[in-house]
Amino acid sequence: MTETVFTYGTPALKFGDGASAELGYDLSMLGARRAVLVTDAGVAATGAPTRIAAQMGEFGVEAVVFDGVHIEPTDASMQAAIDWARAHGPWDAIVAVGGGSSIDTAKAVNLLLTNPGELIDYVNQPVGGGQAPTQPLLPLVAVPTTTGTGAESTTVCILDVLAQHVKSGISHARLRPTLAVVDPELTMTQPAGVTAAAGMDILCHALESYTARPYTSFDRKRPEQRVPYCGANPVADMWAERAIGLLAGSFRTAVADGGDRAARGAMAMAATFAGMGFGNAGVHIPHANAYPIAGRARSFRPSGYPDAEPLVPHGMAVSLTAPEAFRFTFDAAPDRHLRAAQLLDPTVGRDGGPDTLPGVLTALMRDIGIPPGVAAVGFDEGDIDDLVEGAQKQQRLLATAPRPVTAEDLTGIFTRSMTLWE
Ligand SMILES: NC(=O)c1ccc[n+]([C@@H]2O[C@H](COP(=O)([O-])OP(=O)(O)OC[C@H]3O[C@@H](n4cnc5c(N)ncnc54)[C@H](O)[C@@H]3O)[C@@H](O)[C@H]2O)c1
């Protein structure tokens, strides 16, 4: 019997300029007295975390700042944050101020402060043990400073598992933040390179969840088998469509002129909407491919990010195989691919085909300075087998693709994504 039920969940949301100034009140309403504020050095340098910590104090909530988050966190960096939090606790709430790196690190800290075992026990199979938390977590308030991941509303925590050279995730409803506070003012200082990469993450969240396998095509689940990612569904579709429309009017401007408040506000809303969509529907091939690209970075140093070590930012890694992934999935849902292309570029006609969405995507990627393919971030044809093997470990994501994906299909997508344009 096929599925007849879909689920939908989000945290409470506070959105708008100045929203982060109310955090002390919000935490006091949750009964918090002592919170760890998790952030990274780049965000700490903007002054926002110390300002937010001081405002929390005004409401009787002591905030202690941990600014040691690693950009694109690893199992080792998350363990260091967990160790720090254990040594400096006890805490009764957790606040994350930063991009997905800080929010995901805060989720891992929250999980291991409240539940037994090791981080790897909870990482999705086959990379980790796939265990579910048994104990309730602390209240987590997530305050994004990038316009990208939607991590403030999702049940997912992404990490690079160093020994296996692959990114993977922990996914469970208990990881979802209690409250998302989205304050576009905090995003004004995002460097252009971060705005471009994180913005491609928003766009791919919306496009992948919109083209995901519909929830009605899965086998019927028992209640205890239900997972947060349940496939494309009418509620997630609505958020995805709105997110793509907002990006169409703001993305190029936000990258070219970071001081444009209207563009920054629209990007923040697009990130929030896309997060509320994909966080329930799921993502598929571009995200599965991104994990080995990011996990195997060895030479690329993107502008706007810390340059201590090579990295391919998550949103950039996702975007690099997106045009070819959507060419591959077109036949599974032509109307949806064309509708998405039209939302992103209203000049596109109704008589398009498999090339339409890839064409609109690569035009945008060129305009905002995304590298022209997988080769441009340090890979060559000799890496394809390893990249395919890493993508195949993301079975949770590939299962949401609108058509079955074999190793041969992934090889074709990576090969054609080496050089997207000359
Ligand atoms: N949990 C989820 O649902 C989810 C979804 C997508 C991605 N992710 C993960 O999130 C991470 C990427 O997060 P991200 O793209 O938000 O960026 P990030 O947190 O990695 O930050 C990127 C860079 O931008 C800087 N920065 C952030 N905000 C700034 C601001 N306002 N002003 C100045 N500098 C600022 C940071 O210091 C850092 O150098 C990846 O690890 C990815 O796997 C998680």
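The structure presented is a predicted model; accordingly, all values stated were derived computationally and were not measured.

Enquirer: Run through the sheet that holds strand E5 (residues 140-144), naming residues and quoting values.
Expert: Spatial strand order, E1-E8-E5-E4-E2-E3: 6 strands in an open sheet with parallel pairing. Two strands in the sheet have a free side with no partner beyond their single neighbour: strand E1 (12-15) and strand E3 (62-66). Strand-to-strand twist of the sheet, defined as the mean angle between neighbouring strand axes without regard to direction, takes the value 20°. Lying over the sheet, helix H4 (residues 75-88) contacts strand E2 (34-38) and E3, oriented at roughly 145° with respect to E3. The strands that helix H9 (residues 261-281) touches are E1 and strand E8 (179-182); relative to E1, the one it contacts most, it runs at about 175°.

Enquirer: Explain the packing of helix H12 (residues 322-329) against helix H17 (residues 407-417) to me, and be specific about the residues and the numbers.
Expert: Following both chains from N to C, one finds H12 and H17 inclined at 135°, their axes separated by 8 Å at the closest point. Between H12 and H17, the crossing angle belongs to the class labelled oblique. Viewed along their axes, H12 and H17 form a crossing whose handedness is right-handed. Where H12 approaches H17, its residues Glu324, Ala325 and Phe328 are matched on the opposing element by Asp409, Ile413, Arg416 and Ser417. Of the residues in the contact of H12 with H17, the class split is 3 nonpolar, 1 polar and 3 charged.

Enquirer: Summarise the pairing of E2; cite the residues concerned and give the values.
Expert: For E2, a buried count of 4 out of 5 residues is recorded, marking the element as mostly surrounded by other parts of the structure. For E2 and E3, the ladder comprises 5 bridges, and the chain directions are parallel. Its bridge partner being in E3, Val36 is matched across the sheet by Val64.

Enquirer: Please give an account of the site of the ligand that cites residues and values.
Expert: Not every one of the 32 residues close to the ligand is listed here, only the nearest: Asp40, Ser101, Thr146, Thr154 and Thr189. Note that an oxygen atom of the ligand is positioned 2.9 Å from one of the side-chain N or O atoms of Lys167. Every element with two or more residues in the shell around the ligand is listed here: helix H2 (41-44), helix H5 (100-114), strand E6 (156-161) and helix H7 (192-210). Partitioned by chemical class, the residues of the shell around the ligand number 13 nonpolar, 13 polar and 6 charged.

Enquirer: Which residues make up the side chain of Glu3, and what values do they have?
Expert: In this fold, Glu3 is placed in the segment before E1. Side-chain polar atoms of Glu3 contact the backbone nitrogen of Val5, separated by 3.1 Å. A polar atom in the side chain of Glu3 sits 2.9 Å from the side chain of Arg226. Contact partners of Glu3, with chain neighbours within four places excluded, come to Tyr215, Thr216, Phe218, Asp219, Arg220, Lys221 and Arg226.

Enquirer: Tell me what's going on with the packing of aromatic side chains, and back it up with residues and numbers.
Expert: For the coordinates displayed, the defined rule picks out 6 aromatic pairs. Ring centres of Trp239 and Phe273 lie 4.8 Å apart, and the angle between their planes is 50°; on these two criteria the pair is classed as tilted. A residue pair is termed long-range when its members are at least 10 positions apart, and Trp239 in helix H8 (residues 234-256) and Phe273 in helix H9 qualify at 34 residues. Taken together, the aromatic side chains of Phe66, Trp84 and Trp91 make up a single cluster linked through ring pairs. Sitting above the plane of the Phe218 ring, Arg213 keeps its charged end 3.9 Å from the centroid. In this structure, Arg403 is placed above the aromatic ring of Phe328, and the distance from its NZ or CZ to the ring centre is 3.8 Å.

Rules used in this analysis
Residues numbered from 1 in each chain as written. Predicted model: local features only at pLDDT ≥ 70, side-chain atom pairs only at ≥ 80, totals over all residues. Heavy atoms only, no water. Pairing = 2+ DSSP bridges. Helix = DSSP H or I, 4+ residues; strand = E, 2+ residues; numbered from the N terminus. Axes fitted to C-alpha atoms, helices over the stretch in contact; angles between N-to-C directions. Contact = heavy atoms within 4.5 Å. Parallel < 35°, antiparallel > 145°, perpendicular 65-115°, else oblique. Left-handed = near helix turned anticlockwise from the far one by under 90°. Nonpolar A, V, L, I, M, F, W, Y, C, P; charged D, E, K, R; others polar. Buried < 20%, exposed > 50% of the residue type's maximum accessible area, 1.4 Å probe, protein only. Near = heavy atom within 4 Å. Polar contact = N/O pair within 3.5 Å; in protein donor to acceptor, adjacent residues only side chain to side chain. Phe/Tyr/Trp six-rings, centres within 6.5 Å; stacked < 30°, edge-to-face > 60°. Lys NZ or Arg CZ within 6 Å of the ring centre and 35° of its normal.

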